[in-house]
Amino acid sequence: MAAAFGINDERFAMPLTVSASTLGDIPDDAALGQSSIGQRDVALTPMQAAMLSAAIANGGTLMKPYLVDSVQAPDLTVVDQTDPEEMSRPVSAEVAGELTQMMTSVVQNGTGRKARIDGVAVAGKTGTAEVGTSGDDQPPHTWFTGFAPADDPQIAVAVFIQNGGQSGVEGGTGGDISAPIARQVMQAYLASGGD
């Protein structure tokens, strides 16, 4: 499933080459279980996380990312414009709908409550990723990825704060630290009308 979303693809470009997301080695079922929740050797880029959310928002279709939407002449006429291009269909529209419901519940009732926007249904997933080996004093990375509005998606985001959390401390998780930033970005975009 990870491969279907482009994880472990060393050729990933947008069009600049970017670091590939990876699952790392999965030698046994225990490693598979740890990797399935984003632990162990999983290394996901924020771009890849945003693309995952965007694919769910897009009914299961993963689009190829691009940097430049259009090139304009001095008189603002469009000289060239990027045509959206499908990359893959990692999940069906039905599965994407089910994931949207689950992600919406995360924001309405779960760890993503700090991503709520008044009057807008937000879909999201939080994460707090442990770093290093047991006994390390490195704070965990905090994550939030999601999209809004959940019923008519306009924006997908991923917020990653490197070593931004606090293990075992109230208020030190992805839901506490990264979700409010995601809310501000999505809210600003929606308020601007997408400009």
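Right above here is the structure, for reference.
Conventions we followed
Residues numbered from 1 in each chain as written. Predicted model: local features only at pLDDT ≥ 70, side-chain atom pairs only at ≥ 80, totals over all residues. Heavy atoms only, no water. Pairing = 2+ DSSP bridges. Helix = DSSP H or I, 4+ residues; strand = E, 2+ residues; numbered from the N terminus. Salt bridge = Lys/Arg side-chain N within 4 Å of Asp/Glu carboxyl O. Buried < 20%, exposed > 50% of the residue type's maximum accessible area, 1.4 Å probe, protein only.

Peer 1: I tried to follow the pairing of strand S3 (residues 78–81) on my own but got confused; where do I start?
Peer 2: The side chains of a regular strand alternate between both faces of the sheet. Taken together, the three bridges between strand S2 (residues 70–72) and S3 define a ladder with antiparallel strand orientation. Bridging across to S3, Val71 finds its partner in Asp80. Between S2 and S3, which pair antiparallel and follow one another directly, the connecting turn spans five residues, one of which, Leu76, has a positive phi of 75°.

Peer 1: I would appreciate a short explanation of the environment of Gln184 in the present structure.
Peer 2: Within the secondary structure, Gln184 sits in helix H4 (residues 174–191). Each C-alpha atom of the pair Gln184 and Arg116 lies 9.7 Å from the other, and the pair is 68 residues apart in sequence.

Peer 1: Can you help me understand the pattern of salt bridges in this one?
Peer 2: Note on pairing: side chains with opposite charge can pair once their charged atoms come close. Under the definition given, this model contains two salt bridges. Where Glu86 meets Arg89, a salt bridge forms, and the shortest distance between an N and an O atom there is 3.1 Å. Taking the relative accessible area as the measure of exposure, Glu86 reaches 41% and is therefore partly exposed. By relative accessible area, Arg89 is classed as exposed at 59%. Among the ionic pairs, Asp176 bridges to Lys114, the shortest N-O distance being 3.2 Å. Of this pair, Asp176 sits in helix H4 while Lys114 sits in the loop between helix H3 (93–109) and strand S5 (123–129), and the two are 62 residues apart along the sequence. Its relative accessible area of 24% is what places Asp176 among the partly exposed residues.

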